[in-house]
Structure formats: structure tokens, C-alpha cells
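Residues per chain, in single letters:
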Amino acid sequence: MKILFIDDEPYRHELVDSYLAEDHNIIHVYNAEEAIEHFKLNPSIDLAMFDHDLGNYIDGGDASVLHRNGSALASDILNILLEEEFPKKVIVHSMNFNGASNIYSKFYSAKVPVEIRMFSNDMLMELVEELKGK
């Protein structure tokens with residue numbers, strides 16, 4: 001399975017690798033700019049895992065509109081990709097519930113299967129078990 005993990009915290013990337021890298025192709029991106037570039041070049045993602053707070057992100061290339069969250073990133077991804085290029089599934093793993101809800105609603109409105117989970121070792125263990133069946 002091809003998993004795009006979007007988070008600006010390096011320790012979370014290490015945890016994802018420790019649980020998932022053996023059986024899955026994990027693509028690590030640390031900010032919104034990297035995520036946009038990846039989606040433009042390689043849109044076929046089985047699972048995208050989004051954090052909300054991603055550092056500086058300039059929405060749509062407009063330098064006057066500076067965002068620090070995955071909600072703007074979700075909007076841009078949905079705007080640049082064709083519907084058949086959308087991620088097959090999205091997990092929002094933010095500790096920021098309001099931000100996670102915003103990302104959730106954008107993907108849900110686009111009919112992308114999406115869920116919110118709190119990032120933790122338990123969440124990763126559950127994900128490992130779920131992915132074993134696929």
C-alpha cells in the first residue's frame with residue numbers, strides 16, 4: 001500500500017516507519033509545499049495521513065495569504081487533482097480537533113473516505129491490523 005504521511009514532527013515519521021514501513025511504501029512529507037509537489041507528480045495514493053498544523057503554507061501560490069494548517073492544503077489538493085486522482089482514503093491524525101474537523105469536511109464533501117484519529121502508538125497498532133486485511 002502506498003501511504004503518504006504528512007506531518008511536520010520528525011518523531012511521528014519515525015513512529016510511522018516503525019509500525020508500517022516493513023509492509024507498506026511510506027512517503028514522508030514534512031510540510032504542505034512538499035505534499036502539493038508530491039500530489040502533482042504522483043497523485044495515486046492509497047492512504048493519505050494528514051496533520052493539521054504544518055508550519056507555513058502559502059495557499060494557492062498567493063503570498064499574501066499565509067496558512068499554517070492542513071485545511072488549506074486539503075483544499076488545494078482537491079483543487080489541483082482530478083477526482084480519480086484523489087487519495088483512496090484519508091486519515092486526519094491531528095490533535096487539533098477543530099482543524100481536523102475542517103480537513104475532514106473538505107474530503108467528506110469531495111466523497112473521499114475520511115476519518116479522524118488521534119495520533120498515538122495505539123492508533124498505529126490498530127492501523128497495522130486493519131491494513132493486514134488489505
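Structure shown above.
Keep in mind it's a predicted model, so treat the numbers as computed, not measured. (Residues numbered from 1 in each chain as written. Predicted model: local features only at pLDDT ≥ 70, side-chain atom pairs only at ≥ 80, totals over all residues. Heavy atoms only, no water.)

Enquirer: Please provide a residue-by-residue account of the side chain of H93, values included.
Expert: If you trace the backbone, H93 turns up in the loop between β6 (90-92) and α4 (97-109). For H93, a relative accessible area of 0% translates into the label buried. Polar side-chain contacts of H93 include one of 2.8 Å to the side chain of D7. Apart from the residues lying within four places of it in its own chain, the contact partners of H93 are F5, I6, D7, R12, M49, F50, D51, R117, F119 and M123. (Helix = DSSP H or I, 4+ residues; strand = E, 2+ residues; numbered from the N terminus. Buried < 20%, exposed > 50% of the residue type's maximum accessible area, 1.4 Å probe, protein only. Polar contact = N/O pair within 3.5 Å; in protein donor to acceptor, adjacent residues only side chain to side chain. Contact = heavy atoms within 4.5 Å.)

Enquirer: An account of the pattern of salt bridges is needed here, citing residue identities and associated values.
Expert: Enumeration over the complete set of coordinates arrives at eight salt bridges. Of the charged contacts, one joins R12 and D7 as a salt bridge, the two residues approaching to 2.9 Å between their closest N and O atoms. The residues R12 and D7 share a single accessibility class, namely buried. Shared partners join several salt bridges into a network, and the residues in it are K89, E115, R117 and E130. (Salt bridge = Lys/Arg side-chain N within 4 Å of Asp/Glu carboxyl O.)

Enquirer: Help me get a handle on helix α5 (residues 121-132), residues and values and all.
Expert: With twelve residues, α5 extends 17 Å from end C-alpha to end C-alpha; this agrees with the ideal 16 Å at 1.5 Å per step. For α5, the set of buried residues is M123, L124, L127, V128 and L131. With its buried residues spanning 140 degrees around the axis, α5 presents them on a single face. For α5, the secondary structure elements touched by its buried residues are β1 (2-6), α1 (10-20), β3 (47-50) and β6. (Expected span 1.5 Å × (residues − 1). Arc of directions from axis to C-beta.)

Enquirer: Before we move on, can you summarise the packing of aromatic side chains with the specific residues and values?
Expert: One pass over the full model with this rule turns up three aromatic pairs. An angle of 50 degrees between the planes, with centres 6.1 Å apart, marks the rings of F5 and F119 as tilted. Here F5, found in strand β1, pairs with F119, found in the loop between β7 (114-116) and α5; they are 114 residues apart in sequence, far enough to count as distant. Note on accessibility: F5 and F119 belong to one class, buried. (Phe/Tyr/Trp six-rings, centres within 6.5 Å; stacked < 30°, edge-to-face > 60°.)

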